[in-house]
Amino acid sequence: MSLTLTFLLSLLSNTNSLSKTIKLQNPSLAFKSDTQSSSYSPSYQQDQEQQQSLSYLSSSQAPTAIPITNESAAPLQGFMQKIRNFNFNDAKKFKERFHFEYYTKEKFMGGQLKTKNGQKYVFNGPPSGVFVSKTCATFSVLIVILIIISSILITYFTTRNTINCINVHTNPNDLQDTNVVRLNATPVATASMLSVPMPPKSKYNPETLPAPVGDIPIEHDLFSEDKTKLVDRKLHLYDGWSPLQYKITIEPNLATSSNNGSIAIEIQRDSKTSTFLPIVLDVHNVSISNVRVIRATNTSNGEEIELDFDSEYSQDNSTFVVTLSKSVENDKELQVILSMDFVSQLTDTLQGVYKTSYTNVDTNNQEWMVSTQFSPIDARRAFPCFDRPDKKANFTITIIRESKKLMALSNMPVIRSSPHRPGYTKDEFMTSPKMPTYLVAFIVSDLVKSHYSDLDASLVPRVEIWTRPENTEMTNYAYSMVRKFLPFYEDYFGIKIRLPKLDLVSVPDFGFGAMENWGLLTFRDSALLVPDDMASSSEHMEHVAQIVAHELAHQWFGNLVTPKWWDDLWLKEGFACYMSYIALNNAHPEYKIMDIFTVFEFKEAMQHDADNSSHAISFDVESTTDIRRIFDPITYSKGTILLRMLNSIVGDEAFRDATQDLLKTAAYNNADREELWAHMSHHAHAKKTLPENMHIKDVMNSWISKPGYPVVTVERRDADLVVKQERYILPSRNVSDNSRWVIPISFETDELHKGDNIPTHWMQENDTEIIINNVFSSDNNTDNVVYLNLYRTGYFRVNYDLASWLALRKKFSTLPRVTRAQLLDDAMHLAQAEYLTYDIPLTFLIEIFSATDDELLWNAAQNGLNYLIDMLQREPAYETFRAFMKFNVRPAFERYGLNEPDNESHLQLQHRAVVARLACKFNYDRCTMAAHLKYREWMADAKLNPIKPNLKPTIYCTALAEGSFQEWYFAYKQYKRSTSASEKEQILTSLGCTTKPWLLSKYLNMTINPTSGILKQDGARAFRSVAKNPIGYEIAFDFLQTNIKEIADYFGDGFSTLSEMIKSITTYMNKEYHKEQLEQFAKRARKLGLTAVESAIEVAMQHVNNNIYWRNRSYYSLKGYLEAIVSEFHINIF
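Residues numbered from 1 in each chain as written. Predicted model: local features only at pLDDT ≥ 70, side-chain atom pairs only at ≥ 80, totals over all residues. Heavy atoms only, no water.

1. Structural notes on the sheet that holds strand β9 (residues 309-313)
- The strand order β6-β10-β9 describes an open sheet built from three strands, whose pairing is antiparallel. Of all the strands in the sheet, the pair left with one neighbour each is β6 (279-282) and β9. Averaged over all neighbouring strand pairs, the angle between strand axes comes to 15°, with direction disregarded.
- Inspection of the sheet shows β9 paired to strand β10 (residues 319-324) by five bridges, in the antiparallel sense. Note on β10: the bridge partner recorded for Tyr313 is Phe320. (Pairing = 2+ DSSP bridges. Helix = DSSP H or I, 4+ residues; strand = E, 2+ residues; numbered from the N terminus. Axes fitted to C-alpha atoms, helices over the stretch in contact; angles between N-to-C directions.)

Listed below in structure tokens is the structure:
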């Protein structure tokens, strides 16, 4: 009290001086209209021009179609050339000019407005405000002092004899004192919750006080900035205890962005641990209070035996530690029930329990909903738990929601819904099977079901699809796929699905493509919804089918049987991905999806596994960055390829039998790769498909324990073949790299056709070379072909001697279609790494000139072509390269064009799209002009889109690249109007195709503006579309550097969004100054404490080094070959 009085007296003594200086300054001048403040803005005229452009967005009238004539095309091309040569020194100002932010009072310091790029606009207008007299000021201060003193006295006399706060360290014996009133009235789980089901007390019980926010440490302030974003945290695995069952009651609160809840965990002491260890729960921004520890007993009287304990947060607040009294140390079979109340964060970064919104098309109002994403390590954001895959338990979930929200879903069916308090409903769900925390899920929303469960109520499991009301008609295709895939999987795995229901939910904003939560599968809209009015492309329908198949496969691999730790993530993801191909091939053999596998999955895996930035498919996962990193194509695509290679080694029957054995022996538990290898070896030996002296463990561990993949070199030696191996590595071969693999060898010649893919020879890890004898019938065999890696079952590239390449080139059209695609793909990438000169892949590339209908060959050409396009597009040689490619693409485009008949097959539709993309990409005028014309037809009548779904990506992008701002604003308006998720994604990608720098800058700013309509899940897609534009990549790089802190905070660290952005900006970087720019960017990220960003830049730096090396070593030789071919074939350069 004395300190307070001293302060008040000092305040009184300063009243005289205070009255002389009280003057309320009004900074409103800074918020005046553009017209009023134009004299203070150096960019006023440009702002007015941008306002005129932006006004088009709000106009409801579509622009009039402008016919394209030869007279208008020439000046347009000249204008585009000027744009390409424009110097964007001022690109950093675009964000403020396009009015994407509001200036807050914190930015007005000392009469200055400080912008993000460091410029200051000073307002020196005349003073304004109200002047206060000395008497008035003194009287006002006295009133304030009296109010403060009264408040202090009231608070003191009110609280002195009332409440003693209970914290997490309270002795449990004190909890039995009836004179203690508990502050937090959130329902507390007790021992009774684990025996007899008993509803928790209402928070609004009149005998208790309302629950406060909770005891949140400073580091866990839920309502301040999350200081752990993009920070690498070490993961510690604590043993000694295992959960048996969770009982969780949780109430998400959209208004406060928090979750109030209670939890009771039945925990078993691990008998194998010799020391008495504390119970350690994982938490992340979770406040805990009212902790109790009760000894679990089987006595009939239900007496609760409280245990003494100490509890505290760990030093970095990543765990909550409960240390039990030494009195129970000798009980090796000890079981306890740990209960507590908690408050967690309702995030906006699509992690943990998060909130998202969508626009109600009927009312045009914003509707909010709650969803979850706990994989891989975000259950700890929702509630205290053992957040690791090997700690499986049963879960009983109770959700308290506002009654106006139509539904709540969780992993299991609802068993009871009842009023909780006025305006709130409590939904209680059945207890789940044993599962890890990352599979727990729930949703609170106004989504509606599609009523499939009403049509086939007799089927088990019951299947229902939930979405927004306007999208229910888009769920038919996904449902039909579910009903095809489920019986196939049950037959293949030999195990019926164990859950009573499967809910599939399209979530408006979702970080991953989909998530396999047991019984509650969540999807992005575009991964589940397919319009029924022929508005979806064949590629999109195939994508949805494969995603659904992937997530359903996880119900066995991942959910029923779970990897022990994240270093075996590839096992569950590889199996789910591989099984999705097998299931889709069974449902739609006409898709020839297993042929597509040999191109698509190899492209995804090999381009990420080709340099020193790669990682082993299985490595020690020790931190959050490690976990985020393994969700990449190495895990998914390489894991899939290795399982397919394993299948080819042991044969189909042995592979299926071993899979069934693993699922049956490890059901509801965990498994690792060693158990899989043992089952595979057993069945392969029984089927005689694997030599008795070999074991699958020895074969497969050589592939999963090291990064990269081999290139197998084949040389003819008389009638024999000499086979060698070395690591394929970019930017060029490294003879000092001693990586070796156990490689299965299969081959065919003109004279030998095996008929299966089972290997006949093996290269061991210690083999420098092997000799395959008597491959040819004579020593004079230069005209005979030989090709290895049948059906591309092995994960490696093959390089041949010159004689073999020439023989393959001569008989190219007679080879199997997969072999043709494999040869072209291998040749292009072998030349990139200097194993070959570019004359060989270019001669194979010319084959597409005549093979106009070989869709697999065209698909195989795309990856190698894309790299050459990226490296050449800003170089003089691109003119010759473009002429060469137009020459090759022209026959196919003349055959297919942009007119799509109604009777084409799935593969033909996809092939036409590939041909059109390449024709327009290389500016074949018959493609670009036709594309722009079709787009203008759409602009003339926005309600009737004449563009076929399979051709939309090409036509949209081409029209925006060739057009002006009208095309861009029209596309953005259609994006806002469309209810089709796949259509929205296509438009988002095309918006980055424009050549107008100011539009590209505007678009980038929209990705971090929550009112723009661009969802967080699509931020990387939008950014990538600009970064991969040769006009836009410098603008994208500038935007990323300038706003990196804001971008990091906006997107969070859950889904590699920033890594994707950083990777995309390296597309055209192939010079030394680009490397220097990245190094400066890395220093800035380090200064800001963004360690994950710095790590991503280090990975991107490797790609830039590769590009620099390629340009210095291969560019000029490729340029020479291209010029020679153009001259030889008399190709018109224009």
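Back to the text.
2. Considering the nonpolar core
- Of all hydrophobic cores here, the largest spans 316 residues; its most connected members are Leu324, Tyr489 and Tyr935.
- The element best represented in this core is helix α10 (residues 569-587), accounting for twelve residues.
- Those residues in contact with Tyr935 that lie beyond four places of it in its chain are Ile947, Ile955, Tyr956, Ala959, Leu960, Glu967, Phe970 and Ala971. (Core = buried A, V, L, I, M, F, W, Y, C linked by side-chain atoms within 4.5 Å. Buried < 20%, exposed > 50% of the residue type's maximum accessible area, 1.4 Å probe, protein only. Contact = heavy atoms within 4.5 Å.)

3. Considering the packing of helix α23 (residues 925-940) against helix α25 (residues 965-977)
- Their axes nearest at 11 Å, the elements α23 and α25 cross at an angle of 55°. In terms of orientation, α23 lies oblique with respect to α25. You can see that α23 and α25 cross each other, and the crossing is left-handed. Contact residues: His932, Tyr935, Arg936, Trp938 and Met939 in α23; Gln966, Glu967, Phe970, Ala971 and Gln974 in α25.
- Tallied by class, the residues present in the contact of α23 with α25 amount to five nonpolar, three polar and two charged. (Parallel < 35°, antiparallel > 145°, perpendicular 65-115°, else oblique. Left-handed = near helix turned anticlockwise from the far one by under 90°. Nonpolar A, V, L, I, M, F, W, Y, C, P; charged D, E, K, R; others polar.)

4. Some details on the sheet that holds strand β19 (residues 448-449)
- Taken together, five strands build an open sheet; the order of strands is β19-β20-β21-β23-β22 and the sheet is mixed. Both edges of this open sheet fall to β19 and β22 (514-515), since each of them pairs with a single strand only.
- Relative to strand β23 (residues 520-524), strand β21 (residues 501-507) is paired through five bridges, and the arrangement is parallel. Within β23, the residue paired with Ser506 across the bridge is Phe523.
- Seen against the sheet, helix α8 (residues 476-493) touches β20 (462-467) and β21 and runs at an angle of roughly 155° to β20.

5. So, the pairing of strand β4 (residues 241-253)
- β4 sits mainly inside the fold: ten of its 13 residues count as buried.
- The sheet contact formed by β4 and strand β5 (residues 258-269) spans twelve bridges and is antiparallel. In the sheet register, Ile250 faces β5, and the bridge partner there is Gly261.
- Connecting β4 to the antiparallel partner β5 that follows it, the hairpin turn spans four residues, and Ser257 within it adopts a positive phi of roughly 55°.

6. A closer look at the packing of aromatic side chains
- Summed over all chains, the structure comprises 56 aromatic pairs.
- Pairing Phe887 with Phe1129 gives two aromatic rings, centres 6.0 Å apart and planes at 45°, and the pair type is tilted. Of this pair, Phe887 sits in helix α21 (residues 878-896) while Phe1129 is found in the segment after α34 (1115-1128), placing the two residues 242 residues apart along the sequence.
- Among the aromatic residues, those joined into a cluster by ring pairs are Phe488, Tyr489, Tyr492, Phe493, Trp556, Phe557, Phe575, Tyr578, Tyr581, Phe597 and Phe655.
- Sitting over the face of the ring of Tyr358, Arg468 holds its NZ or CZ atom 5.5 Å from the ring centroid. (Phe/Tyr/Trp six-rings, centres within 6.5 Å; stacked < 30°, edge-to-face > 60°. Lys NZ or Arg CZ within 6 Å of the ring centre and 35° of its normal.)

7. Digging into the packing of helix α28 (residues 1019-1027) against helix α29 (residues 1033-1042)
- Two elements in contact, α28 and α29, have axes whose closest approach is 7 Å; the angle formed by their N-to-C orientations is 135°. Put simply, α28 runs oblique to α29. In this structure, α28 contributes Phe1023, Val1026 and Ala1027 to the contact, and α29 contributes Tyr1033, Ala1036, Phe1039 and Leu1040.
- Looking at side-chain class alone, the contact of α28 with α29 contains seven nonpolar, no polar and no charged residues.

8. Focus on the confidence of the model for the protein chain
- Of the residues in the protein chain, 80% reach a pLDDT of 70 or more, and the chain-wide mean stands at 84.
- Considering only residues more than four positions removed or in separate chains, one finds that residues 159-229, a stretch of pLDDT under 50, has 133 contacts. (pLDDT = per-residue confidence, 0-100.)

9. Quick word on the side chain of Asp503
- Tracing the chain through its elements places Asp503 in strand β21.
- Of note is the side chain of Asp503, whose polar atom sits 3.1 Å from the side chain of Trp466.
- If we ignore the near neighbours within four places in the chain, the residues touching Asp503 are Leu409, Arg462, Glu464, Trp466, Gly519, Leu520 and Leu521. (Polar contact = N/O pair within 3.5 Å; in protein donor to acceptor, adjacent residues only side chain to side chain.)

10. A look at the pairing of strand β26 (residues 709-717)
- The element β26 is extensively covered by neighbouring structure, given that seven of its nine residues are classed as buried.
- What sits between β26 and strand β27 (residues 720-728) in their antiparallel hairpin is a turn of two residues, with Asp718 showing a positive phi close to 60°.
- The pairing of β26 with strand β33 (residues 797-800) spans four bridges and is parallel. In the sheet register, Val714 faces β33, and the bridge partner there is Tyr800.

11. What about the pattern of salt bridges?
- This structure, assessed with the given rule, holds 63 salt bridges.
- A salt bridge links Asp348 to Lys1016; its shortest N-O distance comes to 3.9 Å. With Asp348 in the loop between β11 (335-345) and β12 (352-359) and Lys1016 in the loop between α27 (997-1006) and α28, this residue pair connects regions lying 668 residues apart in the sequence.
- The class for Asp348 is partly exposed, based on a relative accessible area of 42%.
- Taking the relative accessible area as the measure of exposure, Lys1016 reaches 13% and is therefore buried. (Salt bridge = Lys/Arg side-chain N within 4 Å of Asp/Glu carboxyl O.)

12. Things to note about the side chain of Glu900
- Turning to its location among the elements, Glu900 is positioned in the loop between α21 and α22 (906-921).
- Despite its burial, Glu900 remains without a salt bridge, the nearest opposite charge being carried by Arg912 at 5.2 Å.
- A polar side-chain atom of Glu900 sits 3.3 Å from a polar atom in the side chain of Asn950.
- Apart from residues lying up to four places away in sequence, Glu900 is in contact with Leu909, Arg912, Lys948, Asn950 and Leu951. (Lys, Arg positive; Asp, Glu negative; His and termini not counted.)

13. Regarding a nonpolar patch on the surface
- Where nonpolar side chains cluster on the molecular surface, the patch consists of Phe139, Ile143 and Ile147 and spans about 310 Å² of accessible area.
- On the secondary structure map, Ile147 appears in helix α6 (residues 134-159).
- Ile147 sits in the exposed class, given a relative accessible area of 51%. (Patch = residues over 30% accessible without salt bridge, like charges linked within 9 Å, V, L, I, M, F, W, Y side chains within 5 Å. Areas by Shrake-Rupley, 256 points an atom, 1.4 Å probe, with all protein chains shown as cover.)

14. Let's talk about the state of the cysteines
- For the structure shown, the criterion picks out two disulfides.
- With a sulfur-sulfur separation of 1.9 Å, Cys920 is cross-linked through a disulfide to Cys927. Across the S-S bond of Cys920 and Cys927 the torsion is about -90°, and the bridge reads as left-handed. An identical accessibility class is assigned to Cys920 and Cys927; each is buried.
- Across the protein chain, the way the bonded cysteines pair up, counted in sequence order, is 1-2, 3-4. (Disulfide = S-S within 2.5 Å.)

15. Regarding the environment of Thr793
- Structurally, Thr793 is set in the loop between β32 (786-788) and β33.
- Taking relative accessible area as the criterion, Thr793 reaches 6% and is therefore assigned buried.
- In this structure the C-alpha to C-alpha distance between Thr793 and Asn647, which are 146 residues apart in sequence, comes to 8.9 Å.

16. Section: α28
- Taking burial as the measure, the nine residues of α28 include seven buried ones, the bulk of the element.
- Gly1019, Ala1020, Ala1022, Phe1023, Ser1025, Val1026 and Ala1027 are the residues of α28 that are buried.
- Turning to α28, the residues buried within the fold contact α26 (981-991), α27, α29, α30 (1044-1051) and α31 (1057-1064).

17. Quick word on unusual backbone geometry
- In this chain, Val460 is followed by Pro461 through a cis amide linkage whose omega measures 0°.
- Within the secondary structure layout, Pro461 lies in the loop between α7 (452-455) and β20.
- For the bond running from Leu730 to Pro731, omega is 10°, close enough to zero to count as cis.
- The residue Pro731 is located in the loop between β27 and β28 (743-745) in this model.
- Its identity is not glycine, yet Asn317 carries a phi of approximately 60°, on the positive side.
- As for its placement among the helices and strands, Asn317 is situated in the loop between β9 and β10.
- We note that Asn923 has phi near 60°; this positive angle belongs to a residue other than glycine.
- If you trace the backbone, Asn923 turns up in the loop between α22 and α23.

18. Some points on the environment of Asp853
- Relative to the assigned elements, Asp853 resides in the loop between α19 (839-845) and α20 (855-872).
- Spatially, the C-alpha atom of Asp853 lies 9.2 Å from that of Arg912, the residues being 59 residues apart in sequence.
- In this structure Asp853 touches Arg895, Tyr896 and His911, once residues within four positions along its chain are discounted.

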